[in-house]
Amino acid sequence: MAFDRLEAMRAFCRIVEVGSFVGAAEALGVPKTTISGQIQGLEAHLGMKLLHRTTRRVSPTTDGAAYYEGARSLLDDLDELESSRHDARGRVRVEMPSPVGTGLIIPALPDFAARYPDVQLDIGCGERVVDLVQEGIDCALRGGAVADQDLVARPVGNMQFCLCAAPSYLASAPRLASVEDLPAHRYLAFVFAATGRQHLQTLLRGEQRYTIDQLPAMRFNSAAAYVASGVAGLGILNIPRAEAAPHLRSGALVEVLADWHLASMPISLVYPYARRLSSRVRAFTDWATALMASDPLWR
C-alpha cells in the first residue's frame, strides 16, 4: 500500500494529543498496526525520530514537538479549506453536563439535524470534566469557572437552580417555613465526581444570603441518581430548574422556600485554544449558543 503522508500526519498528531498508539487508533477508527506503520513511514520519510516510546506513554521528541505544531496548523487549515467549500459536514465530538444535555440540548436536536443534516454529533453527557485535547473532544459546554489556560472559554448562559422535595417527604418532615428550618431537615448533596467536592448552594433574598453547608444525609455524584433520590422522598435537594421542571409539572417534586433565589452557575462554551474551529464545529457552537440564549431557564 502506498504511503499516505497526510493520513500519517493525522495519526501522528492524534498520538501526541492522546499519548498512546492505542488511543489514537481508537479515535481514528483504524487498527493499531495501521497507526504503527504510518508512523514508521512518516519517520522514514522525514529522516527523524518523532516519538519517544515507553511502556506507559508515548511523547514527542524535540523534533516531534516542533513537527506537531506545524502539522496541527496545516491540518486545521486543510479541514477549514475543505469545509468552506461545502455546507458544514463531518463529525463533531462534544461534551456537556447531564442537566444541559437532557434539559436543553437533546430535546432541541431535531432542529439541529434539520439545519445541518451532514453533521454527525458524538455527544457525551456526564459530570466528569474531560480533557478536550487528550480525548479528542472538539468543544464542550461546561459549568462553573474555567481555569484551564489552554482552553478558550466563552460565557453562553447560566444554570438556574431550585430547592425541591417530594410531597411524601414533606408530609412527615419538620416544618419548613424559612432557611432557619433547613438544619432540621434531611439535605441531599451533589458531589462533583472529578474532585469529590460538595456543591455548596447559596440562597439569596434581597441583601440576605444563606449558604447550605450542613452535613448531608446522603451524597450523590450522578445527576440522574441525585434527582431520583429526591423523587424517592429521601430529602431536600437543589437541582437545575430545567431538570426539575418535568417533575414539578407532574407533582413528583414541589419547590420549597420559593421566596429565596438560588445562585446560578455560569455555563461556558470551551474549546482548545490552539485549535481553530472548523465549519462543522462552529455550526454546533453557534446553534447551541443561540439555543441557550433563547431559553429563559438557561440564558
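Residues numbered from 1 in each chain as written. Predicted model: local features only at pLDDT ≥ 70, side-chain atom pairs only at ≥ 80, totals over all residues. Heavy atoms only, no water.

(A) Spotlight on the overall build of the chain. Across its full length, the chain carries nine helices and 15 strands. Taken along its principal axes, the extent of the C-alpha atoms in the chain is 75 × 45 × 35 Å. Of all intrachain contacts in the chain linking residues separated by at least 6 positions in sequence, the fraction that spans at least 24 positions is 76%. On the chain, the mean spot of the 30 positive side-chain charges and the mean spot of the 32 negative ones are 2 Å from each other. (Helix = DSSP H or I, 4+ residues; strand = E, 2+ residues; numbered from the N terminus. Contact = heavy atoms within 4.5 Å. Lys, Arg positive; Asp, Glu negative; His and termini not counted. Charge placed at Lys NZ, Arg CZ, Asp CG, Glu CD.)

(B) Layout of the pairing of strand β7 (residues 161–165). The buried fraction of β7 amounts to five of the five residues, a majority that puts the element mostly inside the structure. Of the two faces of β7, the one lined by F161, L163 and A165 and the one lined by C162 and C164 are each fully buried. Bridging between β7 and strand β12 (residues 237–240) involves four bridges; their strand directions are antiparallel. Paired with C164 across the strands is L237, a residue of β12. Alignment of β7 against strand β13 (residues 254–255), held across two bridges, turns out to be antiparallel. In the sheet register, C164 faces β13, and the bridge partner there is E255. (Buried < 20%, exposed > 50% of the residue type's maximum accessible area, 1.4 Å probe, protein only. Pairing = 2+ DSSP bridges.)

(C) Expanded view of the state of the cysteines. Going through the model one piece at a time under the given rule, you end up with zero disulfides. Summary of cysteine pairing: C125 is not part of a disulfide, and the nearest cysteine sulfur, belonging to C139, is at 12 Å. A relative accessible area of 37% means that C125 is categorised as partly exposed. (Disulfide = S-S within 2.5 Å.)

(D) Spotlight on unusual backbone geometry. The phi torsion at L257 lies on the positive side, around 50°, for a residue other than glycine. Tracing the sequence through the fold places L257 in the loop between β13 and β14 (261–262).

(E) Structural view of the pattern of salt bridges. For the coordinates displayed, the defined rule picks out nine salt bridges. Among the salt bridges present, the one from E43 reaches R53, with a minimum N-O distance of 3.7 Å. Within this pair, whereas E43 is found in helix α3 (residues 32–46), its partner R53 is found in strand β1 (residues 51–53), the two being separated by ten residues in sequence. Between R175 and D181 there is a salt bridge, with the nearest N and O atoms lying 3.9 Å from each other. Counted as one network, the salt bridges with shared partners bring together R14, E17 and R72. (Salt bridge = Lys/Arg side-chain N within 4 Å of Asp/Glu carboxyl O.)

(F) Highlighting the environment of V100. With respect to the element layout, V100 can be found in helix α5 (residues 98–115). Measuring from C-alpha to C-alpha, the distance between V100 and R142 comes to 9.0 Å, with 42 residues separating the pair along the chain. Dropping the residues within four chain positions of it, V100 is found in contact with I105, L141, M159, I267, M292 and W298.

(G) Up close: helix α1 (residues 5–18). Over its 14 residues, α1 runs 20 Å from end to end, which matches the ideal 20 Å to within 8%, given 1.5 Å per residue. Along α1, ten of the 14 residues are buried, which leaves the element largely enclosed by surrounding structure. All of the buried residues along α1 are A8, M9, A11, F12, C13, R14, I15, V16, E17 and V18. For α1, the side-chain oxygen to backbone nitrogen distance between the N-cap and L6 is 3.1 Å, and the N-cap itself is D4. Taken from the residues just after α1, G19 is the one with a positive phi, measuring 80°. (Expected span 1.5 Å × (residues − 1). Polar contact = N/O pair within 3.5 Å; in protein donor to acceptor, adjacent residues only side chain to side chain.)

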